[in-house]
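Next come the chains, spelled out residue by residue.
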Amino acid sequence: MSDHYIFSRGRLKRKHNTIYFESGEEGQKALPVERVDNLHIFGEVDLNSKLLNLLTKYDVRLHFYNYYGFYTGTYYPRTKNVSGFTVVQQSMHYLDPKKRYYMASAFVESGVHHMLRNLRRHKEKTGSYVDTIQAERVKIPDGRTIPELMGVEGRIRQTYYRSFNEILKSDFIFTKRSKQPPADPLNALISFGNSLMYTTVLAEVYKTALDPTVSFLHEPSSKRFSLSLDVAEIFKPLIVDPLIVSLVNNRVIGKKHFEDFEGIVLLNDQGKQRFIQEWEKKLATTVRHRTLKRKVSYRMFIRLECYKMIKHFIGDEPYRPLKAWW
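These numbers come from a predicted model, not from an experiment.

Caption draft 1: Focus on the sheet that holds strand β3 (residues 18-23). Ordered in space as β4-β3-β2-β6, the four strands form an open sheet in which the pairing is mixed. The open sheet has two edge strands, β4 (27-32) and β6 (45-46), and neither has a second partner. Examined bridge by bridge, strand β2 (residues 10-15) and β3 share five bridges and lie antiparallel to one another. Bridging across to β3, Lys-13 finds its partner in Tyr-20. Strands in contact with helix α1 (residues 49-57) are β2 and β3; relative to β2, the strand with the most contacts, it is inclined by about 60°.

This is the structure:
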């Protein structure tokens with residue numbers, strides 16, 4: 001099973017058990033549905049109910065992004081992995097302030113661990129940033145409220161992003177974080193990578209009995225799957241940020257791969273394709289799991305994190321967030 005990405009205008013249609021994408025620019029591309037896990041749509045694409053029925057049958061998710069490459073929504077099949085008990089227990093952990101803080105701080109602690117892991121690879125340049133982050137990190141267990149915790153996380157992340165100016169070899173400069181819209185190429189890379197991370201986490205959450213709308217660090221909302229934002233805090237510095245550094249420092253992506261729309265800076269189609277090509281390689285990379293005693297892909301690590309949360313919610317085993325040991 002794999003993900004497929006569609007960039008240009010066209011039409012998605014079904015013929016037997018095959019998805020066809022028809023485009024005037026690219027002709028016709030066949031995608032056997034048995035080999036598809038997620039479809040990511042970046043262009044203006046027409047589809048019909050026959051196609052949606054096929055996607056539902058084979059449990060394929062359809063992720064949509066707007067003109068600027070920002071995630072807008074997901075079509076996902078009828079939920080199969082349903083557990084009312086798990087959802088009730090998950091909700092109870094949100095309603096209990098101490099239990100909620102435990103989960104929220106675990107996500108932040110894991111994310112900070114992976115930020116420091118990245119910085120220590122460049123320790124001759126990033127020592128002062130590591131010290132600043134460590135000084136903030138000790139406040140994570142002592143926080144009393146979620147807003148205080150998010151304040152600590154926000155200060156850490158600002159310090160972490162400033163360190164990119166020491167790590168990146170080219171003229172990609174970080175001044176401040178600008179999300180919607182990104183104001184420069186580095187922010188465009190961060191936003192694009194984070195969007196992919198969000199949908200990747202969401203796809204793995206869907207495969208479990210977790211409720212994607214009940215979260216702990218980010219406030220639950222009627223307009224977003226906020227649990228995916230929580231879990232993404234663990235994996236953004238583990239997957240997205242090292243990938244950005246590699247793409248820039250190895251000149252896979254350069255300034256020619258961006259477009260400026262009156263101050264809104266975005267990856268062009270070629271830039272997106274290059275990013276996604278390396279993104280898929282990263283997700284498929286395997287590491288020997290020290291508990292399971294077998295190789296596990298980065299993508300599977302996300303689902304394993306979901307399983308660990310379920311065990312925590314139902315009282316089987318305390319949740320310990322991933323902290324990469326390799």
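Caption draft 2: The arrangement of the UniProt feature "binding site: Mn(2+)" (unreviewed entry) in the protein in detail. In the numbering used here, UniProt assigns the "binding site: Mn(2+)" (unreviewed entry) feature to Glu-153, His-218 and Glu-233. In sequence the annotated residues extend across 81 residues, while in space they remain close, none of their C-alpha pairs exceeding 11.8 Å. For Glu-153, the location among the structural elements is in helix α5 (residues 146-162). Overall, the relative accessible area of 12% leaves Glu-153 in the buried class. Setting aside residues up to four positions removed in sequence, Glu-153 forms contacts with Val-108, Met-115 and Glu-233. Along the chain, His-218 turns up in the loop between α7 (185-206) and α8 (226-249). The contacts of His-218, once residues within four sequence positions are left out, are Arg-100, Met-150, Arg-224, Ser-226, Leu-229, Asp-230 and Glu-233.

Caption draft 3: Molecular detail of the pattern of salt bridges. Considering all chains together, one arrives at 20 salt bridges under this definition. As a salt-bridge pair, Arg-9 and Glu-44 come within 3.1 Å of each other at their nearest N and O atoms. You can see Arg-9 sitting in the loop between β1 (2-6) and β2 and its partner Glu-44 sitting in the loop between β5 (36-41) and β6, a full 35 residues away along the chain. Across this residue pair, the class does not change: Arg-9 and Glu-44 are exposed. For Arg-303, the salt bridge goes to Glu-204, with nearest N and O atoms at 2.8 Å. Residue Arg-303 is located in helix α10 (residues 298-313), and its partner Glu-204 is located in helix α7; the two are separated by 99 residues in the primary sequence.

Caption draft 4: Spatial organisation of the packing of helix α4 (residues 123-137) against α5. Direction vectors running N to C along α4 and α5 enclose 175°, while the axes themselves pass 10 Å from each other. Considering their axes alone, α4 and α5 lie roughly antiparallel with respect to each other. Residues Tyr-129, Thr-132, Ile-133, Glu-136 and Arg-137 of α4 lie in contact with α5, whose contacting residues are Val-152, Arg-155, Ile-156, Thr-159, Tyr-160 and Arg-162. Grouping the amino acids of the contact of α4 with α5 by side-chain chemistry returns five nonpolar, two polar and four charged.

Caption draft 5: Layout of the domain arrangement of the protein. Each domain of the protein was delimited in the assignment, giving domain 1 (2-75) and domain 2 (84-314). Averaged C-alpha coordinates put domain 1 and domain 2 at centres separated by 26 Å. With both sides pooled, the region where domain 1 packs onto domain 2 buries about 1700 Å², and carbon together with sulfur makes up 67% of that total. Viewed at the interface, domain 2 and domain 1 are joined by two salt bridges. Our enumeration of links across domain 1 and domain 2 arrives at three residue pairs in polar contact (both at pLDDT 80 or more). At the level of secondary structure, the elements contributing two or more residues to the side of domain 1 that touches domain 2 comprise β1, β5, β7 (61-65) and β8 (71-75).

Caption draft 6: Spotlight on helix α9 (residues 269-284). Taking 1.5 Å of rise per residue, 16 residues should cover 22 Å, and α9 covers 22 Å from first to last C-alpha, within 8% of that figure. Of all the positions in α9, only Gly-271, Lys-272, Phe-275, Ile-276, Trp-279 and Leu-283 are classed as buried. The arc that holds the buried residues of α9, viewed along the axis, is 125°, so those residues lie on one side. In this structure, the buried residues of α9 make contact with β1, α7, α8, β10 (264-267), β12 (295-297) and α10. The opening residue of α9, the one whose side-chain oxygen lies 3.2 Å from the backbone nitrogen of Gln-270, is Asn-268.

Caption draft 7: Representation of unusual backbone geometry in the model. Positioned with a positive phi, His-16 is a non-glycine residue whose angle comes to about 60°. Among the structural elements, His-16 can be located in the loop between β2 and β3. One non-glycine residue with positive phi stands out, namely Asp-59, at about 60°. Position of Asp-59 relative to the elements: it lies in the loop between α1 and β7. Residue Asp-59 is classed as partly exposed on the basis of its relative accessible area of 28%.

Criteria and cut-off values
- Residues numbered from 1 in each chain as written.
- Predicted model: local features only at pLDDT ≥ 70, side-chain atom pairs only at ≥ 80, totals over all residues.
- Heavy atoms only, no water.
- Pairing = 2+ DSSP bridges.
- Helix = DSSP H or I, 4+ residues; strand = E, 2+ residues; numbered from the N terminus.
- Contact = heavy atoms within 4.5 Å.
- Axes fitted to C-alpha atoms, helices over the stretch in contact; angles between N-to-C directions.
- UniProt positions renumbered as here; feature names shortened; annotations may be inferred.
- Buried < 20%, exposed > 50% of the residue type's maximum accessible area, 1.4 Å probe, protein only.
- Salt bridge = Lys/Arg side-chain N within 4 Å of Asp/Glu carboxyl O.
- Parallel < 35°, antiparallel > 145°, perpendicular 65-115°, else oblique.
- Nonpolar A, V, L, I, M, F, W, Y, C, P; charged D, E, K, R; others polar.
- Domains from an automatic or database assignment.
- Buried area = accessible area lost by both parts, 1.4 Å probe.
- Polar contact = N/O pair within 3.5 Å; in protein donor to acceptor, adjacent residues only side chain to side chain.
- Expected span 1.5 Å × (residues − 1).
- Arc of directions from axis to C-beta.

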